[in-house]
Structures are given as C-alpha cells and as structure tokens.
Amino acid sequence: MHSPRSTIIEPFALEHATVATGDEDGRTLSDTTIVVDGTGKISKIGPSSSTLVPPGYHRLDATGKVVSPGMINGHIHTFSQGKPLDPKGSTPEGQRKMAKLLHNPVGKAFMYATSKSNIMTMLNSGVTTVRSVGDVGYELVKLSHQIQDNHIVGPRIIPSGPLLAIPDGHGAPLIALESSTPDEARATAETNIDHGARALKIAATGGVTDSQVPGEAGEPQMTTEQMRAICETAHANDIIVAAHAQSHEGVLRALKAGVDTIEHGCELDDELIALFLDNPNSLRGYSALEPTLSAGLPMKFLSQETLNLTDVQMQNAIPVVEGMLTGARQAHEAGILVGVGTDSAMPFVPQYATWREMQLLNRFAGFTPAEAFHAGTQVTAKIIGVDDVTGSLEVGKSADLLVLDENPVDNLRTLEQPLLVVAAGHPIWRPSVDRFKDMEAQLDEAYK
Ligand SMILES: [Zn+2]
C-alpha cells in the first residue's frame, strides 16, 4: 500500500474536469479548473476558459475525468480491519483479557500501528475526513496531530478516544471509560477532552457484537442524567457528542440529554422525529442520525455461519437491524440530517468500504444516488462540524478531493476506486487498498 510521507505541498491545478459538487440535486460543473495552493487549500475554482493557473504550478489535465469532494466517514473504529470477530473475544472476560494486553506500553504501540495502517487504508479508499467514535486509547488523537502538523499525510481525524459507558456496558472495558453517576460521567468526559479528544461517544444502550443475553442490544444502559453531564462538558468545549443507541428508550434518553448524533438508531415516532429536528439541549439545536447500515445489513443478509455470531448475538441483531433500517428511511423522509458512518472495524465493515454506506442508503433507505453522495460529503461534514473547512469544493476550503472515472451520481461504485486522492492538498498518486475478496463477493451478492 502506498503510504505517503511527503510534508511539502506542491501547488497544482486540475484542468478541464467535470466537477461532481456533492449537492443534494447532483449538480455538476463542466470544463472546470481547480487550483490548489501551497497551503493545501483551493485558491480558485471556475470555468477552465477563465481560470488562470499561476506560473510554476503543476498542471494536470483532467479531461474526461470527474473531480468530487473527498468522502467523509462520521463513524469509524480502527482497532481492526473489519473481518468477522471471534465471539469469545467479546465476552466481558475476553474483553478484560484483551484490555490487559492493550492498555500497556507495548499494547499501545501495537494499537497505534494498527490504527495508522487502517487510517491509511481509509485515505487510499478516498476518505479525507473521519470521526472516530470509540478508540482503545488515544492513538487517533496522536495520529490526528501528526496529520494536522504535516508529519504524515492522512485524512483529517476528529478523534473520540475511548467511549463512555456504564460498568460492563457496551464496549467496556476494552474501548470504554466506565461511570455510574453523573459526576463520574463528567469526569470521564473531562479525561477524554484533556487527552485531546475532539468528539465524545456514549454507549447509551447495549450493542449486538458484545451482547451476552437476549434483549441486551438496545437495552438502555446510561441514565439521561449521566449523558446530560457528558453533553454539558462536551458542549462547553465546543465538542459534539455521539451516542450508540439501538432502541426507542435509548434514543429518547440520549436526545433529551442533548446528544448531537445518534448512531445506529431505531424505528422513529413523532416524539423522536421532533426531538431530532429541534433539540434544545444539543450543541447546534438539532441532532442527526448515522444509521451505519454497513454494520447492520450483513446481519440481515448473511448466514449466522458466515457471520460467525453466537445464537444470542444473532437473536439480538434481528430487531436492531430492522429498527436501524426503518429509522434511516423515516429520518430521510422527515428531513432529519442523515450522515455516512460505516462502523468500520466491525465484522464485514472493512476500512476501505465507505462508499458502500452510500450504496446502502440508495438501495435500502430511499436515497437517490445524488442524496446518498450528498450525505457522504456535505451532510456528514456538517454533522461532524467540519463544513467550514471541507465537504465541498470551494475557494478557501481544504483541497480534499477525488479524481474519478465517472460521476458518483451516475454510478456510486466509481467511489470504490478513486484514480487520485488529494487530502489537504497532498496527492496520493496511485491509491490502492487490499480488499477481502470473499467478503466483497458475499456483500455484492447480498446487496445486488
Ligand atoms: Zn461503532
């Protein structure tokens, strides 16, 4: 895999491109020139006939190619590549064993290296901004600083650090800090923020992949008061909060507490829809949904043997996945902001497959291809709070862009293999990823 290390940005221009804007209506610009300056920003974009390229800039002829904003993934984990998990590893004992291995200097170095490799896969797949929502430690904080300081080339990272959960709750203890009271919850939020987290993530309910008893997934875990304490702490630092929530009660509590994004979700009713659209306790007055269909739908379409899930996990998965899917459709119809987040590192969610979430929103949740691509660029930029710097191709914004064979609005699959990825002005010339061939074949068959 190509792992770029260049820290100097050589100014360049892409000439005669068709631009796929990422607008909701799939608008394109024909014969356009995009000029990227030495600070990695877009300094000009306009008709090729009237957009002058400054002397000394590299000029790339993009005739016949499509240039689009880079993809944005608002829900990633980087602790694994996304192959099926060993169910034994997700029991509390299994997690405690793993936590012991990983929460020490050698384990931290291993997790940093694993995360870096997975982040480079993200970049090579065309993703130029990510938000993590549950890390083992602060490995993504470190990577985000190295990328921001141009020590390495990578996607912009909004890192969460470990998620925030109740004792033995979802993700605990492997990737979560535990709390039992609002004061303790506030302290865990402060710990993450002190370590450089720029996003927080709460486990509001149980989950599927570490469930041990029927009904555990979606069962409310953290109290509204605990979550409110976390939201207050985050919002005071201009940080948004994500909540893993897979049931009506869990989503309701999280929204009332002021959570800014609901991850996964459930079937919605009028009360929930109203709270998403107008949420007084959230940072910006609304909350958004990231349905993460990429993580859910394999459990609907693939066999238990293929998934390597226990009976309990499978039993828990079925209602949760149906809820996620219904909620995604309802949110789209109701005008709730729906973002692209894949839950990478989960079983059957490889790091290179952000494009597939757009495929699934289109195929199963009522999005047009233009709306799905809009979600994976401009909408997710807004949801995770980076729309002032990225998500669209405009003068002054970061040069986060892709050169593609086709317009994603005509064929979302073209996003699977960008010809060129540019992250904050750094070109990745031959982006390539190692795909898991069997998994891709199984998913293509399931979603055809
Ligand atoms: Zn997740």
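Rules of the game
- Residues numbered from 1 in each chain as written.
- Predicted model: local features only at pLDDT ≥ 70, side-chain atom pairs only at ≥ 80, totals over all residues.
- Heavy atoms only, no water.
- Donors = N, O, S within 2.8 Å, 3.2 Å for Na, K, Ca; no water.
- Buried < 20%, exposed > 50% of the residue type's maximum accessible area, 1.4 Å probe, protein only.
- Helix = DSSP H or I, 4+ residues; strand = E, 2+ residues; numbered from the N terminus.
- Disulfide = S-S within 2.5 Å.
- Salt bridge = Lys/Arg side-chain N within 4 Å of Asp/Glu carboxyl O.
- Core = buried A, V, L, I, M, F, W, Y, C linked by side-chain atoms within 4.5 Å.
- Domains from an automatic or database assignment.
- Contact = heavy atoms within 4.5 Å.
- Phe/Tyr/Trp six-rings, centres within 6.5 Å; stacked < 30°, edge-to-face > 60°.
- Buried area = accessible area lost by both parts, 1.4 Å probe.
- Pairing = 2+ DSSP bridges.
- Axes fitted to C-alpha atoms, helices over the stretch in contact; angles between N-to-C directions.
- Parallel < 35°, antiparallel > 145°, perpendicular 65-115°, else oblique.
- Nonpolar A, V, L, I, M, F, W, Y, C, P; charged D, E, K, R; others polar.
- pLDDT = per-residue confidence, 0-100.

Topic: the coordination of the zinc ion
Okay, step 1: Bound to the zinc ion are the protein donor atoms His75 (NE2), His77 (NE2) and Asp343 (OD), situated 2.0 to 2.1 Å from the metal.
Okay, step 2: Histidine 75 sits in the buried class, given a relative accessible area of 0%.
Okay, step 3: Histidine 77 gets classed as buried once you look at its relative accessible area, which sits at 3%.

Some points on helix α11 (residues 354-364)
Okay, step 1: Burial of α11 is extensive: nine of the eleven residues sit out of reach of the surface.
Okay, step 2: Buried residues of α11: Thr354, Trp355, Arg356, Glu357, Met358, Gln359, Leu360, Leu361 and Phe364, and no others.
Okay, step 3: Looking one or two residues beyond α11, the residue adopting positive phi is glycine 366, at roughly 85 degrees.

Thoughts on the state of the cysteines
Okay, step 1: A complete count under the given rule lists zero disulfides for this structure.
Okay, step 2: Cysteine 231 forms no disulfide, and the closest cysteine sulfur to it belongs to cysteine 266, at a distance of 17 Å.
Okay, step 3: Judged by its relative accessible area of 7%, cysteine 266 falls in the buried class.

What about the pattern of salt bridges?
Okay, step 1: Going through the model one piece at a time under the given rule, you end up with 17 salt bridges.
Okay, step 2: For arginine 59, the salt bridge identified is with glutamate 15, shortest N-O distance 2.9 Å. Of the two residues, arginine 59 sits in strand β4 (residues 58-61) while glutamate 15 sits in strand β1 (residues 12-20), which places them 44 residues apart along the sequence.
Okay, step 3: Exposure remark for glutamate 15: the relative accessible area of 13% places this residue in the buried category.
Okay, step 4: Aspartate 400 is the partner of arginine 156 in a salt bridge, and the nearest nitrogen-oxygen pair spans 2.8 Å.

Concerning the nonpolar core
Okay, step 1: Judged by nonpolar contacts, the single largest core of 94 residues is most densely connected at Leu200, Ile202, Ile230, Ile262, Leu361 and Leu415.
Okay, step 2: For this core, the leading source of residues is helix α10 (residues 311-334), giving eight residues.
Okay, step 3: Residue-level mapping places this core at the junction of two domains, with at least three residues from each of domain 1 (12-69 + 391-428) and domain 2 (71-383).
Okay, step 4: Among residues more than four places away in sequence, those in contact with leucine 361 are Pro291, Leu293, Val338, Val340, Gly366, Phe367, Ala372 and Ala375.

Let's talk about the packing of aromatic side chains
Okay, step 1: Under the defined criterion, the tally for this structure stands at four aromatic pairs.
Okay, step 2: Pairing phenylalanine 301 with phenylalanine 364 gives two aromatic rings, centres 5.3 Å apart and planes at 40 degrees, and the pair type is tilted. Pair noted here: phenylalanine 301 is in helix α8 (residues 293-301) and phenylalanine 364 is in helix α11, with a separation of 63 residues, a long-range link.
Okay, step 3: Phenylalanine 364 gets classed as buried once you look at its relative accessible area, which sits at 13%.
Okay, step 4: With 5.8 Å between their ring centres and 85 degrees between their planes, phenylalanine 301 and tyrosine 447 make a pair best called edge-to-face. In this pair, phenylalanine 301 is assigned in helix α8 and tyrosine 447 in helix α13 (residues 437-447), connecting sequence segments 146 residues apart.
Okay, step 5: Phenylalanine 301 sits in the partly exposed class, given a relative accessible area of 33%.

Focus on the domain arrangement of the protein chain
Okay, step 1: Partitioning the protein chain into domains gives domain 1 (12-69 + 391-428) and domain 2 (71-383).
Okay, step 2: On a C-alpha basis, the centroid separation for the pair domain 1 and domain 2 is 30 Å.
Okay, step 3: In this complex, domain 1 contributes 27 residues to the contact, which on the side of domain 2 involves 26 residues.
Okay, step 4: When domain 1 packs against domain 2, close to 2100 Å² is buried across both sides, 67% of that on carbon and sulfur atoms.

A few points about the sheet that holds strand β7 (residues 127-132)
Two pairing modes exist for strands in a sheet, parallel and antiparallel, and in both the strands are linked by backbone hydrogen bonds.
Okay, step 1: The strand order across the open sheet built from three strands is β6-β7-β8, with neighbouring strands paired in parallel fashion. Where the open sheet ends on each side, the last strands, each with one partner, are β6 (71-76) and β8 (156-158). Recorded for the sheet is a direction-independent mean angle of 15 degrees between the axes of neighbouring strands.
Okay, step 2: Sheet topology note: the β7/β8 ladder contains three bridges and is parallel. Across the sheet, residue arginine 131 finds its bridge partner in β8, namely isoleucine 158.
Okay, step 3: Sheet contacts for helix α3 (residues 139-148): β6, β7 and β8; angle to β8, the most-contacted strand, approximately 145 degrees.

Focus on the packing of α8 against α13
Okay, step 1: Contact geometry for α8 and α13: axes closest at 10 Å, N-to-C directions at 75 degrees. With respect to α13, the element α8 is oriented roughly perpendicular. Within the contact between the two elements, α8 uses Leu297, Pro298 and Phe301 and α13 uses Leu443, Ala446 and Tyr447.
Okay, step 2: Across the contact of α8 with α13, the residue classes break down as six nonpolar, no polar and no charged.

Considerations on the confidence of the model for the protein chain
Okay, step 1: Confidence in the prediction for the protein chain averages 94 pLDDT; 97% of positions are at 70 or higher.
Okay, step 2: Throughout residues 1-6 the model reports pLDDT below 50, and contacts reaching past four residues in sequence, or to other chains, amount to 17 contacts.

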